[in-house]
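Residue-level listing of the chains:
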Amino acid sequence: MKKINILIIEDTTLTAQKMKRTLEWAGYHVVAIASRSENALEAMFKEHVDIIIADINIKGELNGIETAKLIQKNFNVPVIFLTSYHDDNTLSEASSVNFTGYIVKPYLDAHLLREVKLASLRFGLNNKIEAIKLDNEYVYDVQNKVLLKNNKEITLTKKEEQFLYMLIQNKNSVISNEYVDLTLWHDNATYDENRRQLLFRLRKKVPDLDIQTIKGVGYILKTNTPDI
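Bear in mind the structure is a predicted one, so any value in this text is a computation, not a measurement.

The rules behind these values
- Residues numbered from 1 in each chain as written.
- Predicted model: local features only at pLDDT ≥ 70, side-chain atom pairs only at ≥ 80, totals over all residues.
- Heavy atoms only, no water.
- Core = buried A, V, L, I, M, F, W, Y, C linked by side-chain atoms within 4.5 Å.
- Buried < 20%, exposed > 50% of the residue type's maximum accessible area, 1.4 Å probe, protein only.
- Helix = DSSP H or I, 4+ residues; strand = E, 2+ residues; numbered from the N terminus.
- Phe/Tyr/Trp six-rings, centres within 6.5 Å; stacked < 30°, edge-to-face > 60°.
- Lys NZ or Arg CZ within 6 Å of the ring centre and 35° of its normal.
- Salt bridge = Lys/Arg side-chain N within 4 Å of Asp/Glu carboxyl O.
- Expected span 1.5 Å × (residues − 1).
- Arc of directions from axis to C-beta.
- Contact = heavy atoms within 4.5 Å.
- Polar contact = N/O pair within 3.5 Å; in protein donor to acceptor, adjacent residues only side chain to side chain.

(A) Highlighting the nonpolar core. Judged by nonpolar contacts, the single largest core of 53 residues is most densely connected at L7, I52, I71, F81, L147 and F163. In terms of residue count, the dominant contributor to this core is helix α6 (residues 158-169) (six residues). Residues A16, L23, L82 and L112 belong to the second largest nonpolar core, which totals 18 residues.

(B) How the structure looks around the packing of aromatic side chains. Scanning the entire structure with this criterion turns up seven aromatic pairs. Following the ring pairs from residue to residue traces out a cluster consisting of F45, F75, Y140 and Y165. For K73, the ring lying beneath its charged end belongs to Y179, and the centroid distance is 5.1 Å.

(C) Here's a closer look at the pattern of salt bridges. Taken as a whole and judged by the stated rule, the model has twelve salt bridges. Residue E10 pairs with K105 through a salt bridge whose shortest N-O separation is 3.3 Å. Taken together, the positions of E10 in the loop between β1 (5-9) and α1 (13-25) and K105 in the loop between β5 (99-104) and α5 (109-122) put the pair 95 residues apart, joining distant regions of the chain. Among the salt bridges present, the one from D55 reaches K105, with a minimum N-O distance of 2.8 Å. Here D55 is found in strand β3 (residues 51-55), whereas its partner K105 is found in the loop between β5 and α5, with 50 residues between them in sequence. Because the salt bridges share partners, they merge into one network encompassing E10, D55 and K105.

(D) Structural detail: helix α8 (residues 192-205). The terminal C-alpha atoms of α8, which comprises 14 residues, lie 20 Å apart, in line with the 20 Å expected from a rise of 1.5 Å per residue. Of the positions making up α8, those classed as buried are R195, L198, L199 and L202. Taken end-on, α8 shows its buried residues confined to a sector of 95°, consistent with a single buried face. Opposite the buried face of α8, at more than 90 degrees from it, the exposed residues are F200 and K204.

(E) Focus on the environment of N170. Turning to its location among the elements, N170 is positioned in the loop between α6 and β10 (175-176). Sequence-wise, N170 and K222 are 52 residues apart; in three dimensions their C-alpha atoms are separated by 9.8 Å. Filtering out sequence-adjacent residues up to four positions away, N170 remains in contact with K73, N74, I175 and Y179. Within the structure, N170 has its side chain in polar contact with the backbone oxygen of M166 (distance 2.8 Å).

Shown next as structure tokens:
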């Protein structure tokens, strides 16, 4: 049985560390603590995350709900929200995200562990994680975040791997320029040349993958394999 990996998104250090101790005592593995949305995105691309626990009111350009929404465009991962508020407006905003639990501060450790347990059972997180098969003998190892061809690893830079992962998760669907910019550069807009150079380098390393540019709109990975 694999150990369940958890990402904590919380900008209060004492709260985050207390939560980490509680979870690890119960046998879970906390892969990272992120205090801002950009740190959370970096952790998602770097680590395999099974469950996210996110404080709704983190500081930065994006709050916890907006961060979770952006993450779920790329990753099918359950989110448990943590908040000091439980008014109708907060619940209404949270409902825009596919969240599986809601914890109000101050909380009991037993409540936290119950929500994590329920999420793990609901999403079958003890099951084996399958690799994603692509065209022309390419396989993406989701667990280790590695691209293989004929069982040989293809070396990618951090941004190349992140961009490819976005394309794979949304294969046969267009991902917009704005979405790429926000996810990879944490900005609503970057220079078109940055995207062009990134795509040029990626295509050189994976010439047999059909990555297309939709001019002025975004990018799409065309594949004959079944949708994820």
